[in-house]
Amino acid sequence: MLVKRADIIRLCAEMAVLVALAFAVGVGWNHRVLLNAWSGRATATAPAGVQQVAIPLPLGLMQVKELFDKREAVMIDARDRNSFSGGHIKGAMAMPLSEAETLIPEFSGRVPKKAMLVIYCNGYACEDSVELGKKLISAGYSSVYYFDGGLPAWRDAGYPLGKR
Amino acid sequence: MNNPIVKHLVAIVRIVLGAIFLYAAVLKIPDTAAFAGSIAAFLVLPYFGNYLVAAVLPWLELFCGILLVTGWRARPAAMLIALLNLFFIVALAAAMARGLDVDCGCFGKGKNGPPLLAIGRDLLFLAMAMLVIWQESRRVPE
């Protein structure tokens, strides 16, 4: 029994060493990305010279609907104003990427930096939501996501739309 | 039960399991943000937590994979792989139960099939890891 107990302790110790090693190397290797994610900074240069950007994280339709139902996130439409007027996720606010530089300072004054932001545009091939997300991360927002299905996925699912 | 055929078969299982996790790690290590995105889809961790797990987990898979392939300290590596797979299975099942459309991100972004397939794959890896643990435990000196 003593041998077995010592054996289990040794096994646990070896596993702990492996986890600690992976943690140290993983955090060391990704320290710039982690620092960016932690502080909300937008860009950093990787050691290999590759440009790495703190990017918003993608969410699927079901996750966005869950956040919408619980009113846990601020929905932001990154498309142009004409598209927004034609139809948008109900309750979303318009922030066209082309107007981001002027709209973000005003937005920062109204919405706390800890708020969860979900940005969308015209779906998977649309980069505007990711680009706008990067700008909002640069502005200090730490919880920024993009809905990669965008308005088409939302509309096709029959979820609530707003028009004006 | 010291059948040499069984011994060699388990050695092959150990090397294959190690190679699979080496492959999975090598695919994920260069793209931490994409893997963080896959983890974020589970809606379990906060924003920074997704990045932290995405930074550390592939390295754990890499080290375990190396140990399994070489056979040195294979038992703790197989034990960690078994625990990881148990965790993956629970996370995928919970996501399915919540109706989330997740991609497990196991082998990089967008190459992983539906969650049910990922659960089946993880069950197979879990069984392989258990086999290695069983074999390695019999080799532990008294």
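Keep in mind that this is a model prediction, so the values were computed, not measured.

A. Looking closely at the nonpolar core. Counting 72 residues, the largest nonpolar core has I89, V118 and F147 of chain A together with L17 and L68 of chain B as its most contacted members. If one sorts the elements of this core by residue count, helix α3 (residues 47-70) of chain B sits on top with 12 residues. Those residues within four positions of F147 of chain A in sequence are excluded, and the remaining contacts are L59, G60, L61, V64, I89, V118, I119, Y120, A153 and W154 of chain A. One finds F107, L136, I137 and Y141 of chain A within the second-largest nonpolar core, a separate group that totals 18 residues.

B. Just the interface of chain A and chain B, in detail. The interface is formed by 35 residues belonging to chain A together with 34 residues belonging to chain B. Roughly 3,100 Å² is buried in total at the junction of chain A and chain B, and carbon and sulfur atoms are behind 72% of that figure. Among the residues of chain A in contact with chain B, L18, L57 and Q63 of chain A are the three that bury the most area, contributing 18% of the side total. With a shortest N-O distance of 2.9 Å, E14 of chain A and R73 of chain B are connected by a salt bridge.

C. Main features of the confidence of the model for chain A. Residue and element names in this part refer to chain A. Averaged over every residue, the pLDDT of chain A is 84; residues scoring 70 or more account for 85%. Within chain A, strand β5 (residues 88-89) carries the highest mean pLDDT (96), whereas strand β1 (residues 43-45) carries the lowest (33). In this model, residues 40-52 is a region of pLDDT below 50 whose contacts with residues beyond four sequence positions or in other chains number 26 contacts.

D. Looking closely at a nonpolar patch on the surface. Taken together, the side chains of I5, L9, I12 and V16 of chain B present a nonpolar region at the surface, about 380 Å² in accessible area. In this fold, I12 of chain B is placed in helix α1 (residues 4-28).

E. Structural detail: the pairing of strand β8 (residues 143-147) of chain A. Residue and element names in this part refer to chain A. Taken across its five residues, β8 has five buried, putting it largely inside the fold. A two-sided burial pattern is seen for β8, the buried positions comprising S143, Y145 and F147 on one face and V144 and Y146 on the other. When strand β3 (residues 57-59) meets β8, the two strands line up parallel, connected through three bridges. Among the inter-strand pairings, P58 is bridged to a residue of β8, identified as Y146. Here five bridges tie strand β7 (residues 116-120) to β8, and the two strands are oriented parallel to one another. Residue pairing across strands places V118 opposite Y145, the latter belonging to β8.

F. Representation of the confidence of the model for chain B. Residues and elements named next belong to chain B. Counting all residues, the mean pLDDT for chain B is 88, and 92% of those residues have values of 70 or more. Model confidence for chain B, summarised as mean pLDDT per element, is weakest for helix α2 (residues 32-40) at 78 and strongest for α1 at 95. Across the interfaces of the predicted complex, the ipTM metric reaches 0.91, alongside a pTM of 0.67.

G. Molecular detail of the environment of L117 of chain A. Residues and elements named next belong to chain A. Along the chain, L117 turns up in strand β7. Distance from L117 to G133, taken between C-alpha atoms, is 8.5 Å for residues 16 residues apart in sequence. Dropping the residues within four chain positions of it, L117 is found in contact with V74, I76, F107, V111, L136, Y141, S143, V144 and Y145.

H. Fine view of unusual backbone geometry. Residue and element names in this part refer to chain A. Unusually for a residue other than glycine, R71 sits at a positive phi of about 55°. Residue placement: R71 occurs in the loop between α3 (61-70) and β4 (73-77). Looking at R71, the relative accessible area reads 76%, which means it is exposed.

I. Structural view of the pattern of salt bridges. Inspection of the entire model under this criterion finds 12 salt bridges over all chains. Between E66 of chain A and K70 of chain A there is a salt bridge, with the nearest N and O atoms lying 3.4 Å from each other. Note that E66 of chain A and K70 of chain A are positioned in helix α3 at a spacing of four residues, about one turn of the helix. One connected set of salt bridges, linked through shared partners, spans D7 and R10 of chain A together with R75 of chain B.

J. Molecular detail of the packing of α1 of chain B against helix α5 (residues 115-139) of chain B. Residue and element names in this part refer to chain B. Contact geometry of α1 with α5 gives a least axis separation of 9 Å together with a crossing angle of 130°. Here α5 runs oblique to α1, going by the angle between their axes. In terms of crossing hand, the pair formed by α1 and α5 is left-handed. Together, V6, K7, V10, V13, R14, V16, L17, I20 and F21 of α1 and F125, M128, A129, L131, V132, W134, Q135 and E136 of α5 make up the contact between the two elements. Split by residue class, the contact of α1 with α5 holds 13 nonpolar, one polar and three charged.

K. Examining the environment of A118 of chain B more closely. Residue and element names in this part refer to chain B. Mapped onto the fold, A118 is located in helix α5. A residue is classified by how much of its surface remains accessible, and A118, at 1% relative accessible area, is buried. A118 sits 13 residues away from G105 along the chain, and the two C-alpha atoms are 9.6 Å apart.

Conventions adopted
Residues numbered from 1 in each chain as written. Chains lettered and ligands numbered in written order. Predicted model: local features only at pLDDT ≥ 70, side-chain atom pairs only at ≥ 80, totals over all residues. Heavy atoms only, no water. Core = buried A, V, L, I, M, F, W, Y, C linked by side-chain atoms within 4.5 Å. Buried < 20%, exposed > 50% of the residue type's maximum accessible area, 1.4 Å probe, protein only. Helix = DSSP H or I, 4+ residues; strand = E, 2+ residues; numbered from the N terminus. Contact = heavy atoms within 4.5 Å. Buried area = accessible area lost by both parts, 1.4 Å probe. Salt bridge = Lys/Arg side-chain N within 4 Å of Asp/Glu carboxyl O. pLDDT = per-residue confidence, 0-100. Patch = residues over 30% accessible without salt bridge, like charges linked within 9 Å, V, L, I, M, F, W, Y side chains within 5 Å. Areas by Shrake-Rupley, 256 points an atom, 1.4 Å probe, with all protein chains shown as cover. Pairing = 2+ DSSP bridges. Axes fitted to C-alpha atoms, helices over the stretch in contact; angles between N-to-C directions. Parallel < 35°, antiparallel > 145°, perpendicular 65-115°, else oblique. Left-handed = near helix turned anticlockwise from the far one by under 90°. Nonpolar A, V, L, I, M, F, W, Y, C, P; charged D, E, K, R; others polar.

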